[in-house]
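Descriptive structure summary
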Amino acid sequence: MLFSSLVFLFFFLPAMLLTYYCTPKKGRNVVLLVFSILFYAWGGVSYSAILILSMLFNFLFARRIVGSVNRKKRWFIVGIVFNLLVLVTFKYLGFFIENINALGWLFSKEFEPIEVIEILLPLGISFFTFQQMSMLWDLYREPNGQRIRLVETSLYISFFPQLVAGPIVRYHDIIDQIKSRVESIDLINSGIQRFIIGLFKKIVVANTCAIIVDGIMSNDTGALSTSAAWLGIVAYALQIYFDFSGYSDMAIGLGRMFGFRILENFNFPYISRSIRDFWRRWHISLSTWFRDYLYIPLGGNKNGVSKTYRNLFIVFLLTGFWHGATWSFVFWGVFHGLFLIIERLGFGKVLDRLPGIVSWAYTMLIVLIGWVFFRIEEFPDALDYVAKMFGAGEEGQLMAIGFLDLERIIILIVALIMSTPIWSLIKKAIGQGLPTSTGFVFGKNAVLILFFLYSVVIINSGSYNPFIYFRF
């Protein structure tokens, strides 16, 4: 079920809110758990069976980790291995078999290929598996054991706002809120506002950018002009940002409606002045997860320069692989990792001394080139597209202007404004103008209602598309 569907907006969410707030506080976690599983089961009963079994196994591992003194480490390792095996089986098994077959055929023409088994990828498996490993890790490092309850751990894993596309919520960041939280009208109100803004970002901004991207990238690269190639990748950068940050906004808003405060996942990544800065701002929950649960345990930057670079390479190799079982995703991760290493080698200090516009242009160039490999799965096609961006080959007949109209131009301008701190400054300036005025409150709510109604009209037209990050 999508947040941006009429079923969710007008049936599922109202029914859930009504049931939740009509239930005594002691039973509200059970209500959230039941509705979260129903939300996930909407995509297929088999998906929910996998999720439930995974939750039960991880609950048992958590109990063993907390309850065992001598075997704490053993159960922690068993739990981590179990989660990795589940992730590999459903997401990467086909990829590994295909590459084994390719290598076998390369070395021997008589090689009998292994049959590739088609396995459905459960929605959000990368997200909820990482959350389960976070829980086991946090409990393992906890010096004082705590009581583990099935409902609480299950709700932590399956809480519907962030279940299928993040943000990745840490166990130690949310468990106290699961056990005890205070709902309020102000928090619910801010949650509704945040949800509407996220819905607008996804349905209006991201999907308009998607139309431009699909229109350009559905053509043969040779038919594109250099300007069209640049428009296509800039539009894709905006699409993926507003698609994912819009989902994160909706998840954060929904959390607030039920008394939860979910941490931010984006902080204007397209104003970054280095790749290192970009990863402090982009998909924050994933980058900090890899930092705290992989990079630092590997030794971080404390065991010499060579091992620091090794650790960075491993982290970003796996970051790319986490996104998908294709070599283009792996290359995208390694590509970012190499530039992080280059910046650590001393180029970062050079960037600090350069004018801000120069360091920003460098960062955006690397990010945009990287997005080409993220969007185009066939590696040779991605290389051709990058070459076209820099004028290689004959100039194609399809110009950028041919993919634009007045509505798309306006949305692109809105996207550029909303992807920079200008958006925050506008909201702050308006807020400081008439903060206590009835007219201001009415105007603000009127704008949000218009955002919501316009988004619903577009949804009802059937022109929306699923979130990009659902495939991860």
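Below, the structure is looked at part by part. (Residues numbered from 1 in each chain as written. Predicted model: local features only at pLDDT ≥ 70, side-chain atom pairs only at ≥ 80, totals over all residues. Heavy atoms only, no water.)

1. What to know about the overall build of the chain
- A count of helical and extended segments in the chain gives 18 helices and zero strands.
- Here the C-alpha radius of gyration of the chain, 24 Å, is about what a compact globule of 472 residues would show, namely 23 Å.
- Considering only C-alpha atoms, the chain reaches an extent of 70 × 65 × 50 Å along its principal axes.
- Buried residues in the chain amount to 52% of all 472 residues. (Helix = DSSP H or I, 4+ residues; strand = E, 2+ residues; numbered from the N terminus. Rg over C-alpha atoms; globule rule 2.2 N^0.38 Å. Buried < 20%, exposed > 50% of the residue type's maximum accessible area, 1.4 Å probe, protein only.)

2. Regarding the packing of helix 6 (residues 150-158) against helix 7 (residues 171-179)
- It is at 10 Å that the axes of helix 6 and helix 7 come closest, and there the two elements cross at 125 degrees. When the interaxial angle is binned, helix 6 and helix 7 end up oblique. Crossing of helix 6 against helix 7: the hand is right-handed. Residue-level inspection shows Glu-152, Thr-153, Leu-155 and Tyr-156 of helix 6 in contact with helix 7, the latter providing Tyr-171, Ile-174, Ile-175, Ile-178 and Lys-179.
- Residue composition of the contact of helix 6 with helix 7, grouped by class: six nonpolar, one polar and two charged. (Axes fitted to C-alpha atoms, helices over the stretch in contact; angles between N-to-C directions. Parallel < 35°, antiparallel > 145°, perpendicular 65-115°, else oblique. Left-handed = near helix turned anticlockwise from the far one by under 90°. Contact = heavy atoms within 4.5 Å. Nonpolar A, V, L, I, M, F, W, Y, C, P; charged D, E, K, R; others polar.)

3. With respect to a negative patch on the surface
- Residues Asp-220, Glu-378, Asp-381 and Asp-384 make up a contiguous surface patch of negative charge.
- Its location among the elements puts Asp-381 in helix 15 (residues 379-389).
- Asp-381 gets classed as partly exposed once you look at its relative accessible area, which sits at 38%. (Patch = residues over 30% accessible without salt bridge, like charges linked within 9 Å, V, L, I, M, F, W, Y side chains within 5 Å. Areas by Shrake-Rupley, 256 points an atom, 1.4 Å probe, with all protein chains shown as cover. Salt bridge = Lys/Arg side-chain N within 4 Å of Asp/Glu carboxyl O. Lys, Arg positive; Asp, Glu negative; His and termini not counted. Charge placed at Lys NZ, Arg CZ, Asp CG, Glu CD.)

4. Re the environment of Gly-324
- With respect to the helices and strands, Gly-324 occurs in the loop between helix 12 (305-323) and helix 13 (327-353).
- Remark: the alpha-carbon pair of Gly-324 and Phe-95, spanning 229 residues in sequence, is separated by 9.6 Å.
- Setting aside anything within four residues of it in sequence, one finds Gly-324 in contact with Lys-91, Tyr-92 and Phe-329.

5. Observations concerning the packing of aromatic side chains
- All chains considered together, the criterion is met by 65 aromatic pairs.
- Considering the side-chain rings of Phe-159 and Phe-260, the 4.7 Å spacing of their centres and the 45 degrees angle between planes classify their relative orientation as tilted. Of this pair, Phe-159 sits in the loop between helix 6 and helix 7 while Phe-260 sits in the loop between helix 9 (226-257) and helix 10 (275-281), and the two are 101 residues apart along the sequence. The two residues Phe-159 and Phe-260 agree in class, both being buried.
- Aromatic pair Tyr-236 and Trp-371: ring centres 6.3 Å apart, planes at 80 degrees, arrangement edge-to-face. Of this pair, Tyr-236 sits in helix 9 while Trp-371 sits in helix 14 (residues 356-375); the two residues are 135 residues apart in sequence, bridging distant segments of the chain. (Phe/Tyr/Trp six-rings, centres within 6.5 Å; stacked < 30°, edge-to-face > 60°.)

6. As for the nonpolar core
- Ranked by internal contacts, the top residues of the largest apolar core, which has 141 residues, are Phe-8, Tyr-270, Trp-371 and Tyr-385.
- Counting residues per element, this core draws most heavily on helix 9, at 18 residues.
- Not counting residues up to four positions away in its chain, the partners in contact with Tyr-385 are Ile-216, Met-217, Thr-221, Leu-224, Ala-228, Ala-229, Gly-232, Ile-233, Val-372 and Ile-376. (Core = buried A, V, L, I, M, F, W, Y, C linked by side-chain atoms within 4.5 Å.)

7. A closer look at the side chain of Ser-48
- Tracing the chain through its elements places Ser-48 in helix 3 (residues 45-67).
- By relative accessible area, Ser-48 is classed as buried at 7%.
- Leave out the neighbours within four places in its chain, and Ser-48 touches Tyr-40 and Ala-41.

8. Focus on the side chain of Asn-207
- Inspection of the secondary structure puts Asn-207 in helix 8 (residues 185-217).
- Here Asn-207 falls in the buried class, since its relative accessible area comes to 7%.
- A polar side-chain atom of Asn-207 sits 3.0 Å from a polar atom in the side chain of Lys-202. (Polar contact = N/O pair within 3.5 Å; in protein donor to acceptor, adjacent residues only side chain to side chain.)

9. Here's the deal with the pattern of salt bridges
- Using the criterion set out here, one finds 14 salt bridges in the structure.
- The salt bridge involving Asp-214 is made with Arg-375; its shortest N-O contact spans 3.0 Å. Here Asp-214, found in helix 8, pairs with Arg-375, found in helix 14; they are 161 residues apart in sequence, far enough to count as distant.
- Here Arg-281 makes a salt bridge to Asp-277, at a shortest N to O gap of 3.2 Å. Residue Arg-281 and its partner Asp-277 are both found in helix 10; the two are separated by four residues, about one turn of the helix.
- Judged by its relative accessible area of 17%, Arg-281 falls in the buried class.
- Overlapping salt bridges, with partners in common, bring together Lys-25, Arg-28, Arg-181 and Glu-183 in one network.

10. Observations concerning helix 16 (residues 406-418)
- Its 13 residues give helix 16 an end-to-end C-alpha distance of 18 Å, which sits within 8% of 18 Å, the value for a rise of 1.5 Å per residue.
- Within helix 16, the full set of buried residues consists of Ile-411, Leu-412, Ala-415 and Met-418. On an axial view of helix 16, the arc spanned by its buried residues comes to 130 degrees, and they lie on one face.
- Where helix 16 begins, the capping side chain belongs to Asp-405, and its oxygen is found 3.3 Å from the backbone nitrogen of Glu-407. (Expected span 1.5 Å × (residues − 1). Arc of directions from axis to C-beta.)

11. Considering the environment of Trp-105
- The topology assignment puts Trp-105 in helix 4 (residues 72-107).
- Owing to a relative accessible area of 49%, Trp-105 belongs among the partly exposed residues under this scheme.
- Expressed as a C-alpha distance, the spacing of Trp-105 and Ile-296, which sit 191 residues apart in the sequence, is 39 Å.

Everything listed is a geometric property; what it means functionally is a separate question.
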